[in-house]
Amino acid sequence: MAITTVPETPRKPGRPMSPYPVGPQRTNLGRKVRDNLTGHAFLIGAVLCFVVFSWYPMIRGIVMSFQRTRRGETTWVGWDNYLRIVDDPSFWTAWKNTAYFTVLALVLGYVVPFFVAILLNEFRHAKGYLRILVYLPVMLPPASALFLFKFYAYDPSEAGLFNAILKALHLPTSQWMQSPGMTMPAMVLASTWMNMGGAVLIYLASLQNIPGELYEAAELDGAGIWKRIRHVTIPQTRLILALLAMLQIVATMQVFIEPLILANGAGAEDSATSVAYLIYQHGFFQNDLNGAAALGVIMLVVLAGFSAVYVRLTAKQD
């Protein structure tokens, strides 16, 4: 059988043959251009959303804090809004209540999720069900959860859930939101129940990354549960603990919906007035948008200063 050969195409002199095919190279170049265009399009969209909904309101609020608008006329007044806000007695009451809420939230809302995560991590069965059960309050709308607490759990009569429990234990009942001394603890309890699901899941993910050999070595040394938590669990999760502590403080300093729904705003004897609610009062009740902007800038400076100091201290410890 004769074998036929195809004659080679004569190559033009002076033009070297490329070692790479021309078609795929152009295809790869086009794909890279399209991928870069898609990535930049997504990036530009995200930046525009951030500028429009974050930076512009922030800058606009700072500018408004140095202005005064009356009858449609805006004038530059300098620091007058800040001096007027600081001279208001409710300013210091709001900061005192906000600081009190933050401290209580650190004691209860920061510690409880960590130990709940440790408890869930020890279970061998029904882990998924228990995680869903803990995370379920986070999926509820905050207003619905708070109304549930207000009209069912914190009912000042004996028909309220907590008062019924206290009565069953032969303990004195409470007026809850109608009592100035119980307003903040009641709000912290409701806020912890609503928001601890996310923190529990983060702690669980961190706990599952701890090598089991460390716990085994601690058990061989005779360490009990508390010593294992102190010498193994906390050191291994300190970065997550530090991060969530900062997020907890920043979030609780902006408490607003809890006093608005549970305490109808100010609460008994102004025991629930927070800085965020005071901003809401100035802006929507007193029609003082410039004073509200000044108070918002003060809160921004306080939280930014705290965050900077906190990051600096944690960086030195690392």
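If you're wondering where the values come from, they're calculated on a predicted model, not measured in any experiment.

Visitor: Any chance you could break down the overall build of the protein for me, citing the residues and the numbers?
Guide: Along the backbone of the protein there are 13 helices and 2 strands. Looking at the protein as a whole, 33% of its 318 residues are labelled buried. On the protein, roughly 20,900 Å² of surface is accessible, and the fraction owed to carbon and sulfur atoms is 66%.

Visitor: How would you sum up the packing of helix α8 (residues 212-220) against helix α9 (residues 225-236)? Please name residues and give values.
Guide: Packing of α8 against α9 leaves a shortest axis separation of 10 Å and a crossing angle of 160 degrees. Classed by the angle they form, the pair α8 and α9 counts as roughly antiparallel. Between α8 and α9 lies a crossing whose hand is right-handed. Residue-level contacts link Leu214, Tyr215, Ala218 and Glu219 of α8 to Arg228, Val232, Thr233 and Gln236 of α9.

Visitor: Could you give me a rundown of the packing of helix α7 (residues 180-207) against helix α10 (residues 238-252), with the residues and numbers involved?
Guide: It is the contact of α7 with α10, at a shortest axis distance of 10 Å, that shows an interaxial angle of 165 degrees. Overall, the two elements α7 and α10 adopt an arrangement that is roughly antiparallel. Crossing geometry of α7 relative to α10 is assigned as right-handed. Between α7, through Ala199, Ile202, Tyr203 and Ser206, and α10, the contact on the second element is made entirely by Ile240, Leu241 and Leu244.

Visitor: Which residues make up the UniProt feature "transmembrane region" (unreviewed entry) in the protein, and what values do they have?
Guide: The positions that UniProt labels "transmembrane region" (unreviewed entry) are, in the present scheme, residues 37-56, 99-120, 132-153, 186-205, 239-257 and 292-313. Between the end C-alpha atoms of residues 186-205 the distance is 30 Å, and the span holds 100% helix and 0% strand. Counted over residues 292-313, helix gives 100% and strand 0%. Its end C-alpha atoms are 32 Å apart.

Visitor: How would you summarise the pattern of salt bridges if you had to cite specific residues and measurements?
Guide: For the structure on display, the rule yields 2 salt bridges. Where Asp288 meets Arg84, a salt bridge forms, and the shortest distance between an N and an O atom there is 2.7 Å. In this pair, Asp288 sits in the loop between α12 (275-285) and α13 (289-317) while Arg84 sits in helix α2 (residues 80-87), placing the two residues 204 residues apart along the sequence. For Asp288, a relative accessible area of 12% puts it in the buried group.

Visitor: Outline the packing of aromatic side chains, listing residues and values.
Guide: As enumerated under the stated definition, the model contains 23 aromatic pairs in all. Taking the centre distance of 5.7 Å and the plane angle of 40 degrees together, the rings of Tyr277 and Tyr280 count as tilted. Of this pair, Tyr277 and Tyr280 both sit in helix α12, 3 residues apart, roughly one helical turn. The class of Tyr280 is partly exposed, set by a relative accessible area of 24%.

Visitor: Could you give an account of the pairing of strand β1 (residues 67-70), naming the residues involved and the relevant values?
Guide: On any regular strand, side chains alternate: one points to one face of the sheet, the next to the other face. Direction of pairing for β1 relative to strand β2 (residues 73-76): antiparallel, over a ladder of 4 bridges. Bridged to Gln67 within β2 is Trp76. Between β1 and β2, which pair antiparallel in sequence order, lie 2 residues; one of them, Arg71, sits at a positive phi of approximately 55 degrees.

Visitor: Before we move on, can you summarise the side chain of Thr192 with the specific residues and values?
Guide: By secondary structure assignment, the location of Thr192 is in helix α7. You can call Thr192 buried: its relative accessible area is 10%. In contact with Thr192, other than residues within four places in its own chain, are Leu108 and Gly109.

Visitor: Can you explain the nonpolar core? Please cite residues and give values.
Guide: Ranked by internal contacts, the top residues of the largest apolar core, which has 22 residues, are Tyr110, Ala117, Leu120, Val134, Val200 and Tyr203. Of all the elements in the fold, those that place two or more residues in this core are α3 (89-122), α4 (127-139), α7, α9 and α10. Core analysis: the second largest hydrophobic core is formed by 21 residues, Phe101, Tyr154, Met177 and Met194 among them.

Visitor: I'd love a proper account of the side chain of Thr102, names of residues and values included.
Guide: Secondary-structure assignment places Thr102 in helix α3. Overall, Thr102 belongs to the buried group, its relative accessible area being 7%. The contacts of Thr102, once residues within four sequence positions are left out, are Ile249, Thr252 and Met253.

Visitor: Tell me about α4, and name the residues and values.
Guide: Between the first and last C-alpha of α4 there are 18 Å, a value that for 13 residues agrees with the 18 Å anticipated at 1.5 Å per step. The sharpest bend along α4 measures roughly 30 degrees and falls at Leu133, with the proline Pro137 sitting one to four residues further on. Taken as a whole, α4 has its buried residues at Leu130, Val134 and Pro137. Contact partners of the buried residues in α4: α3 and α7.

Here is what the cut-offs are and how they apply
- Residues numbered from 1 in each chain as written.
- Predicted model: local features only at pLDDT ≥ 70, side-chain atom pairs only at ≥ 80, totals over all residues.
- Heavy atoms only, no water.
- Helix = DSSP H or I, 4+ residues; strand = E, 2+ residues; numbered from the N terminus.
- Buried < 20%, exposed > 50% of the residue type's maximum accessible area, 1.4 Å probe, protein only.
- Areas by Shrake-Rupley, 256 points an atom, 1.4 Å probe, with all protein chains shown as cover.
- Axes fitted to C-alpha atoms, helices over the stretch in contact; angles between N-to-C directions.
- Parallel < 35°, antiparallel > 145°, perpendicular 65-115°, else oblique.
- Left-handed = near helix turned anticlockwise from the far one by under 90°.
- Contact = heavy atoms within 4.5 Å.
- UniProt positions renumbered as here; feature names shortened; annotations may be inferred.
- Salt bridge = Lys/Arg side-chain N within 4 Å of Asp/Glu carboxyl O.
- Phe/Tyr/Trp six-rings, centres within 6.5 Å; stacked < 30°, edge-to-face > 60°.
- Pairing = 2+ DSSP bridges.
- Core = buried A, V, L, I, M, F, W, Y, C linked by side-chain atoms within 4.5 Å.
- Expected span 1.5 Å × (residues − 1).
- Bend = angle between axes of the 7 residues up to and from the residue.

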